[in-house]
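This is what each chain is made of:
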Amino acid sequence: MINQQQLWDTEAAKHYDTPGEGMFSPEVIGPTVDVLAELAGDGRAVEFAIGTGRVAIPLSEAGVPVCGVELSHAMISRLREKVTEDQIPVVQGDMTEAVAGEGFSLAILVFNTIANLLTQDEQVRCFQNAARHLAPGGSFVIELWVPQLRSLPPGHTGTVEVSRPGYLLVDTYDVLNQHVVSHHVRFGPELSDGREARIGRTPHRYIWPSELDLMARLAGFELESRWADWDRSEFTADSRSHVSVFRLAQD
């Protein structure tokens with residue numbers, strides 16, 4: 001299995017940001033920050049797996065005090081090129097156990113990152129750690145994809161999720177252990193003479209929405225809202241992802 005420290009290394013951090021495009025585009029960041037700022041209210045937010053600050057920086061600029069937890073030193077170093085420790089403090093460590101404080105009104109874990117934890121026990125501990133950070137009645141927001149097992153042809157263990165010039169995304173499944181490995185294949189004339197390809201792999205443990213809700217209950221949360229996207233569109237049986245808001249019980 002791929003080590004997470006090795007996965008999010010200096011090379012990954014160097015190429016992670018795509019300013020103005022993809023997940024860094026205004027049409028993605030804008031609605032995300034709007035929802036999170038509303039949920040934070042007058043309180044503070046902590047982001048697990050804060051990365052290079054894709055969400056934390058604009059949320060901070062919107063007036064919400066933000067701090068973070070991040071495993072990768074390389075990702076923190078990239079973040080520090082943009083903001084100081086005084087602006088957005090970060091604790092380096094595992095999001096299942098590292099503590100950045102307490103009394104927050106909002107905990108954040110976006111862009112499928114809870115699936116980077118490769119066992120059910122680790123994912124449950126992540127919920128428990130979020131509860132430790134939050135004040136009673138605080139919110140934990142998770143953005144996560146819905147497993148697309150219906151797209152698996154009979155007798156096959158993989159699917160082509162993206163096919164465009166210069167890039168293929170192939171997902172291979174281990175349905176017994178709920179593991180999926182995404183294979184990112186990049187090719188084209190920019191790679192040598194165009195006959196070669198570069199492959200990167202990212203492992204995940206996929207989680208069904210109902211399983212996620214049970215993890216939340218084990219840590220003292222209840223599901224408050226679930227949308228198909230940050231625009232609060234309806235979550236349906238055909239939704240490929242969801243934004244879920246879990247509310248921590250009041251004392």
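Residues numbered from 1 in each chain as written. Predicted model: local features only at pLDDT ≥ 70, side-chain atom pairs only at ≥ 80, totals over all residues. Heavy atoms only, no water.

Things to note about the overall build of the protein
- Within the protein, the secondary structure is distributed over seven helices and eleven strands.
- Relative to the globule expectation of 18 Å for 251 residues, the C-alpha radius of gyration of the protein, 18 Å, shows essentially globular dimensions.
- The C-alpha extent of the protein, read off along each of the three principal axes, is 60 × 40 × 30 Å.
- Across the 251 residues of the protein, 48% fall into the buried class. (Helix = DSSP H or I, 4+ residues; strand = E, 2+ residues; numbered from the N terminus. Rg over C-alpha atoms; globule rule 2.2 N^0.38 Å. Buried < 20%, exposed > 50% of the residue type's maximum accessible area, 1.4 Å probe, protein only.)

Section: the sheet that holds strand β6 (residues 158-164)
- Read from one edge of the open sheet, four strands run β6-β7-β8-β9, paired in antiparallel fashion. Each edge of the open sheet is held by one strand with a lone partner, namely β6 and β9 (197-205). Strand-to-strand twist across the sheet, computed as the mean angle between neighbouring axes with direction ignored, equals 15°.
- Of the strand pairs in this sheet, β6 and strand β7 (residues 167-174) are connected by six bridges, and their pairing is antiparallel. The residue bridging serine 163 from the neighbouring strand is leucine 168, located in β7. (Pairing = 2+ DSSP bridges. Axes fitted to C-alpha atoms, helices over the stretch in contact; angles between N-to-C directions.)

Here we look at the environment of glutamine 128
- Along the chain, glutamine 128 turns up in helix α6 (residues 120-133).
- Counting along the chain gives 92 residues from glutamine 128 to glycine 220, while the straight-line C-alpha distance between them is 8.1 Å.

What about unusual backbone geometry?
- Despite not being glycine, phenylalanine 111 shows a phi value in the positive range, around 55°.
- Note on placement: phenylalanine 111 falls in the loop between β4 (104-109) and α6.
- A residue is classified by how much of its surface remains accessible, and phenylalanine 111, at 38% relative accessible area, is partly exposed.
- Positive phi, close to 65°, is recorded for arginine 232, a residue that is not glycine.
- With respect to the secondary-structure elements, arginine 232 resides in the loop between β10 (221-227) and β11 (241-248).
- By relative accessible area, which is 37% here, arginine 232 ends up partly exposed.

Considering the sheet that holds β10
- What the seven strands build is an open sheet, ordered β3-β2-β1-β4-β5-β11-β10; its pairing is mixed. Among the strands making up the open sheet, the edge pair consists of β3 (90-92) and β10. Averaged over neighbouring strand pairs, the angle between their axes works out to 20° when direction is ignored.
- Pairing of β10 with β11, which is carried by six bridges, proceeds in the antiparallel orientation. For phenylalanine 221, the partnering residue across the bridge sits in β11 and is leucine 248.
- Along the sheet, helix α5 (residues 73-80) makes contact with β2 (66-70) and β3, crossing β3 at roughly 160°.
- The sheet strands contacting helix α7 (residues 209-218) are β5 (134-145), β10 and β11, and the helix crosses β10 at an angle near 145°. (Contact = heavy atoms within 4.5 Å.)

Quick word on the nonpolar core
- Core analysis: the biggest nonpolar cluster contains 34 residues, and Ile114, Phe127, Phe140, Ile142 and Phe221 have the highest contact counts within it.
- By size, the runner-up hydrophobic cluster in this structure holds 27 residues, among which are Ile57, Leu106, Val110 and Val245. (Core = buried A, V, L, I, M, F, W, Y, C linked by side-chain atoms within 4.5 Å.)

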